Amino acid sequence: MNTRFSDGQIFVIFAAISLSTYLMSLALNSNYLNIFTLVFLMILTGFWIKQIQLLWIFVYLIFGFLLASFVSVLIEYSPVYLSEVGQFSYFSGSAARNISLMTFFLSTTIYVFYKFSGLDSTLFRPVQYIDKLAAKLLLVVAVLVLLYIYAVVFLFGSPLTMRIDRFNYMLHIARPEFRYIYSIVYVMGFVVAYAGATEGIKSKYAKLWFIFALIALILVGEKFSQIFLLAISFFTPYIILGKVKVNISRFLTLSVIFLSLSIIMILYSYYNIYGDSYLEIFYTRLGLQAQMMFMIDTLVQAGINGFDSVFKSFTGIGANPDETGIYYLMYLIAPDSIVDAYYERGVRFTMPFPANFNYFFGYYFSPLLLFPFATFAGVAAVIVVKSIQKHNFLLSFIAYKFLYNIYANIVMGEMYWFFKWNFIIYMIIFLLYFSISLSQKSKILMT
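What about the overall build of the chain?
Along its length, the chain carries 22 helices and 2 strands. Radius of gyration (C-alpha) of the chain: 22 Å, near the 22 Å computed for a compact globule of 447 residues. Along the first, second and third principal axes, the C-alpha atoms of the chain reach 70 × 55 × 50 Å. When the 447 residues of the chain are sorted by exposure, 51% land in the buried category. For the chain, the computed accessible surface area is about 20400 Å², with 68% contributed by carbon and sulfur atoms. For the chain, the distance from the average site of its 28 positive side-chain charges to the average site of its 19 negative ones is 17 Å.

Describing the pattern of salt bridges
Overall, the coordinates contain 3 salt bridges when judged by the stated rule. In this structure, Lys312 and Glu323 form a salt bridge, with 3.6 Å as the shortest nitrogen-oxygen distance. Residue Lys312 is located in helix 17 (residues 307-314), and its partner Glu323 is located in the loop between helix 17 and helix 18 (325-333); the two are separated by 11 residues in the primary sequence. With relative accessibility at 32%, the residue Lys312 sits in the partly exposed group. Between Arg348 and Glu414 there is a salt bridge whose closest N-O contact spans 2.9 Å. With Arg348 in the loop between helix 19 (336-345) and helix 20 (355-389) and Glu414 in the loop between helix 21 (393-411) and helix 22 (421-446), this pair connects stretches of sequence that are 66 residues apart. Looking at Arg348, the relative accessible area reads 38%, which means it is partly exposed.

Topic: the packing of aromatic side chains
Tallied over the entire structure, the rule returns 51 aromatic pairs. Where Phe190 meets Tyr400, the ring centres are 4.4 Å apart and the plane angle is 5 degrees; that geometry is what we call stacked. Of this pair, Phe190 sits in helix 11 (residues 185-197) while Tyr400 is found in helix 21, placing the two residues 210 residues apart along the sequence. Tyr400 gets classed as buried once you look at its relative accessible area, which sits at 6%.

A look at the nonpolar core
Residues Ile57, Phe65, Phe105 and Phe178 are the most contacted members of the largest nonpolar core, which totals 151 residues. It is helix 20 that contributes the most residues to this core, 17 residues altogether. Beyond its immediate sequence surroundings of up to four residues, Ile57 is in contact with Phe113, Thr236, Ile240, Ala381, Val384, Val385, Tyr400, Leu403 and Tyr407.

A closer look at the layout of surface pockets
Taken as a whole, the second largest pocket spans an internal volume of roughly 280 Å³. Along the walls of the second largest pocket sit 13 residues, with Lys132, Ala135, Tyr194, Thr198 and Gly200 positioned nearest its centre. Among the elements of the structure, helix 7 (128-156) and helix 11 are those that each provide at least two residues to the lining of the second largest pocket. Looking at which element gives the most residues to the lining of the second largest pocket, the answer is helix 7, with 6 residues.

As for helix 21
One turn of the α-helix equals 3.6 residues, which is why residues spaced by three or four share an orientation. The end-to-end C-alpha separation of helix 21 is 27 Å, in line with the 27 Å expected for 19 residues at 1.5 Å each. Extensive coverage of helix 21 is indicated by the burial of 17 of its 19 residues. Put simply, Asn392 is the residue that caps the front of helix 21, since its side-chain oxygen is 3.1 Å from the backbone nitrogen of Leu395. With its phi angle positive at about 75 degrees, Gly413 sits one or two positions after the end of helix 21.

Let's talk about the packing of helix 6 (residues 94-116) against helix 20
Relative to each other, helix 6 and helix 20 sit at 30 degrees, their axes nearing to 7 Å. In terms of orientation, helix 6 and helix 20 fall into the roughly parallel class. Handedness of the crossing formed by helix 6 with helix 20: right-handed. Residues that form the contact of helix 6 with helix 20 fall into these classes: 18 nonpolar, 7 polar and 1 charged.

Describing the environment of Pro321
As for its placement among the helices and strands, Pro321 is situated in the loop between helix 17 and helix 18. C-alpha of Pro321 to C-alpha of Tyr343: the two residues are 22 residues apart in sequence and 9.6 Å apart in space. The residues contacting Pro321, other than those within four sequence positions of it, are Tyr327 and Tyr343.

Here we look at the side chain of Gln226
With respect to the helices and strands, the residue Gln226 is situated in helix 13 (residues 225-240). Residue classification places Gln226 among the buried residues on the basis of a relative accessible area of 14%. Apart from the residues lying within four places of it in its own chain, the contact partners of Gln226 are Tyr182, Ser183, Tyr186 and Leu217.

Regarding a nonpolar patch on the surface
Taken together, the side chains of Tyr205, Leu208, Ile211, Phe212 and Ile215 present a nonpolar region at the surface, about 480 Å² in accessible area. Summarising the element assignment, Tyr205 is placed in helix 12 (residues 203-219).

Comments concerning the packing of helix 17 against helix 20
Axis separation between helix 17 and helix 20 bottoms out at 13 Å; the angle between their running directions is 55 degrees. One way to sum up the angle between helix 17 and helix 20 is to call them oblique. Contacts between helix 17 and helix 20 pair Ser309, Val310, Ser313 and Phe314 from the former with Phe357, Tyr359, Phe360, Phe361 and Phe373 from the latter. Its residues assigned to classes, the contact of helix 17 with helix 20 shows 7 nonpolar, 2 polar and no charged.

Quick notes on the environment of Ile239
Its place among the elements puts Ile239 in helix 13. According to the relative accessible area criterion, Ile239 is buried, its value standing at 4%. For the pair Ile239 and Arg166, spaced 73 residues apart in the sequence, the C-alpha separation amounts to 31 Å.

Calculation notes
Residues numbered from 1 in each chain as written. Predicted model: local features only at pLDDT ≥ 70, side-chain atom pairs only at ≥ 80, totals over all residues. Heavy atoms only, no water. Helix = DSSP H or I, 4+ residues; strand = E, 2+ residues; numbered from the N terminus. Rg over C-alpha atoms; globule rule 2.2 N^0.38 Å. Buried < 20%, exposed > 50% of the residue type's maximum accessible area, 1.4 Å probe, protein only. Areas by Shrake-Rupley, 256 points an atom, 1.4 Å probe, with all protein chains shown as cover. Lys, Arg positive; Asp, Glu negative; His and termini not counted. Charge placed at Lys NZ, Arg CZ, Asp CG, Glu CD. Salt bridge = Lys/Arg side-chain N within 4 Å of Asp/Glu carboxyl O. Phe/Tyr/Trp six-rings, centres within 6.5 Å; stacked < 30°, edge-to-face > 60°. Core = buried A, V, L, I, M, F, W, Y, C linked by side-chain atoms within 4.5 Å. Contact = heavy atoms within 4.5 Å. 1 Å grid on protein atoms, 1.4 Å probe; cavity = no way out; pocket = protein on both sides within 12 Å on 5 of 7 lines; lining within 4 Å. Points joined across faces, edges and corners; volume = space filled by probe spheres on them. Expected span 1.5 Å × (residues − 1). Polar contact = N/O pair within 3.5 Å; in protein donor to acceptor, adjacent residues only side chain to side chain. Axes fitted to C-alpha atoms, helices over the stretch in contact; angles between N-to-C directions. Parallel < 35°, antiparallel > 145°, perpendicular 65-115°, else oblique. Left-handed = near helix turned anticlockwise from the far one by under 90°. Nonpolar A, V, L, I, M, F, W, Y, C, P; charged D, E, K, R; others polar. Patch = residues over 30% accessible without salt bridge, like charges linked within 9 Å, V, L, I, M, F, W, Y side chains within 5 Å.

Laid out in structure tokens, this is it:
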């Protein structure tokens, strides 16, 4: 393998070029620049695909950024009505700015992953009796999660037959705890797949659980995101441990098939709910994938948006739930009546990242602030991969949940999570674990 790829230096070049296109986008609004930044992100994706066996852990970010970038360019080139904010999109050049920052963040994250991938593997050794107990308990939880979802569908019916979306189903029909249990299916997929890949259970039983989990998600109205996340989580242990070798041509073919089936499911669901206007609804909903990035860009200033705004609304310190995170951003761009209704239902707009960084820190400081969060994501990815490779179930489970939280909270603008007790607890767990590992290693060396 080329040395440049082994140490990740190529991604430093990608980061540098993306910063250059970002600075260009501040001085020049051009559809050509919008398209160029999208193509450049696709080129980075090509390098990622060439090393997909090693860099599989970034598939969630890659796909999310590609989708958001494509839609960002589309809604500026061909205006679409953004129903949640009540106005049409228009050409502004925001796509180039946002895509450039996404490419910078992704390139930096992968580079950090390469730099820290040389961490001493002995740090990730499992504590056998605790590991086995945790694996057994979480496998039982994985089975109970599916049984619960099927019981809910049996007792209350499916949103597919009721012709309602899953959000109304969760809010008005299913029990209050259903939303949380539904939200952890993806991480249970990781648990079951890990057990199958490490022979904790037979692989055929893991695959059977996966099939029933897919059916359960479809029955409760899921059309894409949770199904995609479950698939990623399930295949992660198999790919990292080399139990599944990723064939590039087969991966691309399956990706196209998966996307096609997802679009068919979405169109069918919209037709079932909205009738003959389903295509118009689909195009409108597609435009919403880039709505927040587009709208927030119109509010960005050159400099930092005030200390009070950063301290309270970005970090969430001393803020109410509607004064920080994505809901704060939603109130900035949409009518209060719409956001109030969404807030009550627990529904959010799609990703504001990276425009939220521009809003809080201005055009010129936001890349600097992106760097530490990219570093967190890169290091967390290393911990996941190393702990899986060392067959450390408990640490890999905690690290995978931690990594997903980093991804999801950054992408969804919930930056206050990094300043709350949840994040601190994760940090304490990792520090304690590695401290114990280091002390055990010292004892072994002394003997």
